[in-house]
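# Structural description and commentary
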Amino acid sequence: MRLPPLVLGIALALCASLTPAVADPAPDPGLTVAGPGSTVVPDWRMQTSATAGLDGSLISSPRHGDRGWLTVPARSTVMAGLIANRRYPDLNYSTNLRDSVNPADFSVPWWYRREFLALPQPGRHTVLRLNGGVISRGELWLNGVRLGDTAGAYPRAEFDLTGLLRPGRNALAIKAMPADPFRDFTVSFLDWSPPAPDHNMGIWRDISLATSGAVSVAEPRVVTALEPDLSSARLTVKAAVRNHSGQPQRTTVTASIGTDRLRQQVELAPGESKIVAFPELRVDRPKVWWPAQFGEQPLYRLAVSAGESTASTDFGIRDVRSELTPQGQRKFLVNFRPFLVRGGGWASDLFLRAQPRRLAEELKHVRDLGVNTLRLEGKQEDHELLELADRLGIMLLPGWECCTKWEKYSTWSEEDYRIAGASTAAEAARLVNHPSVLGFFIGSDNAATARVEQTYLDALRAADFTAPILPSAAAKSTPQLGKSGMKMDGPYWWIPPNYWYQDKLGGAAGFASEVGSGPMIPELASLRKFLTPQEIDDLWRAPTKPHYHLAKKEVFATLSLFADALAKRYGQPRDLTDFLRKAQLANYEGNRAQFEAYGRDFADPANPATGVIYWMINNAWPTLYWHLWDHNLDAAGSYFGAKKALRPLHVQYSYDDRSVVLASTGLTDVPGLKVRATATTVDGRVLAEQTVTATAPANSSARVLTLPEITGVKGTYLVRLLLERDGAEIDRNVYWLSTSADVLDFTKSTWWHTPVTGSADLTGLQDLPMTTVKHSARRVPGGAEVRLHNSSGTVALAVKASLDGAHGPVRWSDNYVTLWPGESITLRAEYAGAGGLPPVRLSGFNVGG
């Protein structure tokens, strides 16, 4: 007997009660499911069909066994399972990913198998629930019977197991089919990194066994409507209920939020599923959820029950919306306040491994940086990312990926439309309660056709998805949603800092959905973790040589453009150490300028900058480009340049008009500030100096002074900006500048780069003498404080403090700091672990390590 799957746009989270057999002569399989409740399959046995064969009726027989199969985690693609079983050397290192894995191994299906104990009981109804699809397709079997099939990475599915369960031992088997991102709706990485050799085939989200009585309740959700003055909110609670029996059922569904209780009588026909909507609930003086830069992140708890079946979820009360400016540019508002998106493109693990601890560390990096939004382009992750974003106040812009089957609309079949609709329904149900969700892109680089757009809109609206639905991340339009108001004009590779102050292409105007300055070179200690000595040496000796840890795409395959710019601006590197110290300065100033330019021009009434997504914030696999922190979670110049620009109260310099700007991300004005700007020669002679008092405008920026054009010196000079209040330093910012500017030729721009025909002269930095920076350190709760003092007679440029041997990632309050002679600064380092203080090591552009 073959049972058809119930593929639901809004999956039913059913509670389970599978009682173990009284007597079973075989060994306990380690999975005993007791109810009421739902039990996630904790792990699997995995084997290639080249060894196990293709007969699902045999493999799913409890008598078959899986001796010799690999044990893999609950969420595990085939490659993830093989890596977990140490079948390969370190695939992050050198060319091991290319040379140690045979792609032919993944041209055949792979099996996942799990045994469990159960004792079916009268009146109980058991289902197998998939919280996401099997990549690329799944064939599901239980106890020798084929349950049905799934297609696509995202659609949820349920299979009714009632009547198939045996008292005692049962066997579940899932056959995962080979994946091809151009033929299947998968998760892929294109030129972000080398592709996973298995194309992420297999199980990547939780699968559970669930049992209920006749009626179950699931997928509770809350539709919130917040008043513009934030004084009250209207809540509409909904939930899915289902009758599993062959008889009509009448039940009471109860919902609770805090002390508020709602009840609804529901009548269900045999086998019927329906959405129950409760009467509207009004909440006065609600605890409003804010993104981190604006406020706190309070969450409410909703619980819904029907009989012995219960389901619950957290939600936040907030309002998000989007509109086009008079200039036709996309802008966002959160709780009716203009919200400048200063975000980054998110990369999941290349092998889609579930790594909650690593994920938490990366989201802490996001919060520490001040990045306020993550764009998830077809890498929707799992529930952990959504929950962390809610708690940390990080906005999310999920959506479908570019360039693969997802955007090859002309090739779609009727089945493809069904899979795309089910995928969107499943993701909408996952996202709808999370206040961190800012919107959803139905397209990335392209625009959906009318039928595709309607398919997506129907699914999103059916799930009460109230966040903005966006037609594309590129400058495209769709019939119903209209213009995207976005731009995707590049750059993706190296450009100088002054690029960002133009209103052309990716410069600071409108909403740039993916832009960045390409090569981001980690420090030596991190490079050694994934490159051979020869590969490290090639970075500066052979920059025109294609590098495996760059991209296969020809324009991103070498460091030649970056190396040429480094040599012209900073001077030809003399050795590896010189290359790395100059690379850190270039990464720092480039990333700082990108975020500062958008921060400044958010206040431009004529052509405002409304959002920017840095491409990318992290890596799926170790690379030498597109990240603010590297794959080892280490922070270098790329990180701290961005962090400097993203400080909540910040003083900054403008590369185009020499203005000094106060930028604030808070919701209230900050008066009583003092801004001091000093320009000096490299050897410390003062060229210009100004001091003004100012108020930082709420959620905006303002020019507070303009430095004069520098004369009487040729080449490199320095500008130091200090922001003080009541004598205390709030912010410091140091620029290395040139009397000759970088010149951009926009007439020859490509989608990925704008040529530079004239270079700034920063070679004077090479003349800085070595300095002595002293330090003292002490252990404090959660980390350490390190005080730096420049005891020399010259500026100490880009001083980096490190804690050697600290356990896990270290998050510094600031780093790569520049100190004038006699200046001091105290840095805070946060890290995990108890015990004594790790050794402090200082390095820098002209500070010995």
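Residues numbered from 1 in each chain as written. Predicted model: local features only at pLDDT ≥ 70, side-chain atom pairs only at ≥ 80, totals over all residues. Heavy atoms only, no water.

### A closer look at the pattern of salt bridges
Any two side chains of opposite charge can pair, so long as their charged atoms come close to each other. Going through the model one piece at a time under the given rule, you end up with 61 salt bridges. Where salt bridges share partners, they join Arg75, Arg205, Asp206, Asp382, Glu384, Glu427 and Arg430 into one cluster. (Salt bridge = Lys/Arg side-chain N within 4 Å of Asp/Glu carboxyl O.)

### Let's talk about the layout of surface pockets
Here the largest pocket defines a volume of roughly 1000 Å³. Looking at the largest pocket, it is lined by 46 residues, and the ones nearest its centre are Glu523, Lys800, Ser802, Arg841 and Ser843. Mapped by element, the contributors of at least two residues to the lining of the largest pocket are helix H9 (524–527), helix H12 (576–601), strand E45 (796–803), strand E46 (807–812) and strand E49 (840–843). Taken together, the residues of the lining of the largest pocket sort by class into 21 nonpolar, 13 polar and 12 charged. (1 Å grid on protein atoms, 1.4 Å probe; cavity = no way out; pocket = protein on both sides within 12 Å on 5 of 7 lines; lining within 4 Å. Points joined across faces, edges and corners; volume = space filled by probe spheres on them. Helix = DSSP H or I, 4+ residues; strand = E, 2+ residues; numbered from the N terminus. Nonpolar A, V, L, I, M, F, W, Y, C, P; charged D, E, K, R; others polar.)

### Description of the environment of Leu54
Considering the arrangement of structural elements, one finds Leu54 in the loop between helix H1 (49–52) and helix H2 (56–59). Residue classification places Leu54 among the exposed positions, given a relative accessible area of 52%. On a C-alpha basis, the gap between Leu54 and Lys175 in space is 8.4 Å, while along the polypeptide they are 121 residues apart. Sequence-distant contacts of Leu54, that is, excluding residues within four places in its chain, are made with Ser49, Pro109, Trp111 and Lys175. (Buried < 20%, exposed > 50% of the residue type's maximum accessible area, 1.4 Å probe, protein only. Contact = heavy atoms within 4.5 Å.)

### Comments concerning the side chain of Asp742
Within the secondary structure, Asp742 sits in the loop between strand E40 (728–738) and strand E41 (743–744). A relative accessible area of 10% means that Asp742 is categorised as buried. Among the polar contacts made by the side chain of Asp742, one reaches the side chain of Arg569 at a distance of 2.9 Å. Those residues in contact with Asp742, other than ones at most four positions away along the chain, are Pro496, Pro497, Asn498, Arg569, Gly758, Ser759 and Ala760. (Polar contact = N/O pair within 3.5 Å; in protein donor to acceptor, adjacent residues only side chain to side chain.)

### Structural notes on the pairing of strand E20 (residues 300–306)
Burial along E20 is one-sided: the residues Tyr300, Leu302, Val304 and Ala306 are buried and none of Arg301, Ala303 and Ser305 is. By the bridge criterion, 5 bridges tie strand E16 (residues 249–257) to E20 in an arrangement that is antiparallel. Its bridge partner lying in E20, Ile257 is registered against Leu302. Connecting the antiparallel pair E20 and strand E21 (residues 309–315) is a turn made up of 2 residues, with Gly307 showing a positive phi of about 65°. (Pairing = 2+ DSSP bridges.)

### Some words on the pairing of strand E26 (residues 373–377)
Counted residue by residue, E26 has 5 buried out of 5 residues, so it is predominantly covered. Side-chain alternation along E26 places Thr373, Arg375 and Glu377 on one buried face and Leu374 and Leu376 on a second face that is also buried. The sheet contact formed by strand E25 (residues 341–345) and E26 spans 3 bridges and is parallel. Residue pairing for E26: Gly345 is matched across the bridge by Arg375. Note on the crossover from E26 through helix H6 (residues 383–392) to strand E27 (residues 395–399): the handedness is right-handed. (Right-handed = clockwise from strand over helix to strand, strands pointing away.)

### Points about empty space enclosed by the protein
The tally for this structure, following the rule as stated, stands at 9 cavities of 30 Å³ or more. In this model, the largest cavity occupies a volume close to 300 Å³. Considering the residues around the largest cavity, the lining is formed by 24 residues, among which Asp349, Arg353, Ala354, Gln355 and Glu381 are closest to the centre. Elements with a contribution of two residues or more to the lining of the largest cavity: helix H5 (356–369) and H6. Looking at the lining of the largest cavity, the element that brings in the most residues is H5, giving 4 residues. Each pocket or cavity is described by its volume, and for the second largest cavity that value is around 150 Å³. Looking at the second largest cavity, it is lined by 16 residues, and the ones nearest its centre are Val222, Arg318, Val432, Asn433 and Thr466. Taken together, the residues that form the lining of the second largest cavity break down as 9 nonpolar, 5 polar and 2 charged.

### Description of the sheet that holds strand E12 (residues 202–203)
As summarised here, the arrangement of the 3 strands in space is E4-E12-E7, forming an open sheet in which the pairing is antiparallel. Strand pairing shows two members of the sheet lacking a second neighbour, strand E4 (76–77) and strand E7 (134–135), which therefore form its edges. As paired strands, E4 and E12 are joined by 2 bridges and run antiparallel to one another. Bridging across to E12, Ser76 finds its partner in Ile203.

### Details of the state of the cysteines
This model, assessed by the stated rule, comprises 1 disulfide. The residue that forms a disulfide with Cys402 is Cys403, at a sulfur-sulfur distance of 2.4 Å. Its S-S torsion of approximately -90° makes the covalent link between Cys402 and Cys403 left-handed. (Disulfide = S-S within 2.5 Å.)

### Considerations on the sheet that holds strand E34 (residues 649–653)
On the basis of which strands lie adjacent, the open sheet formed by 3 strands has the order E34-E35-E38 and antiparallel pairing. Both edges of this open sheet fall to E34 and strand E38 (700–706), since each of them pairs with a single strand only. With direction set aside, neighbouring strand axes in the sheet form an average angle of 25°. As defined by bridge partners, strand E35 (residues 659–664) adjoins E38 across 6 bridges and the pair is classed as antiparallel. Bridge pairing links Leu662 to Ala702 in E38. Running at roughly 105° to E34, H12 makes contact with E34, E35 and E38 of the sheet. (Axes fitted to C-alpha atoms, helices over the stretch in contact; angles between N-to-C directions.)

### Some words on unusual backbone geometry
In the segment running from Gly490 into Pro491, the intervening peptide bond is cis, with an omega of 10°. By the secondary structure assignment, Pro491 is in the loop between strand E31 (482–483) and strand E32 (510–515). Non-glycine residue Asn143 carries a positive phi angle of around 50°. With respect to the helices and strands, Asn143 occurs in the loop between strand E8 (137–142) and strand E9 (145–151). The phi dihedral of Arg658 is positive, around 65°, even though this residue is not glycine. Following the sequence through the fold, Arg658 ends up in the loop between E34 and E35.

Without other data, these values stay purely geometric and don't point to any function.
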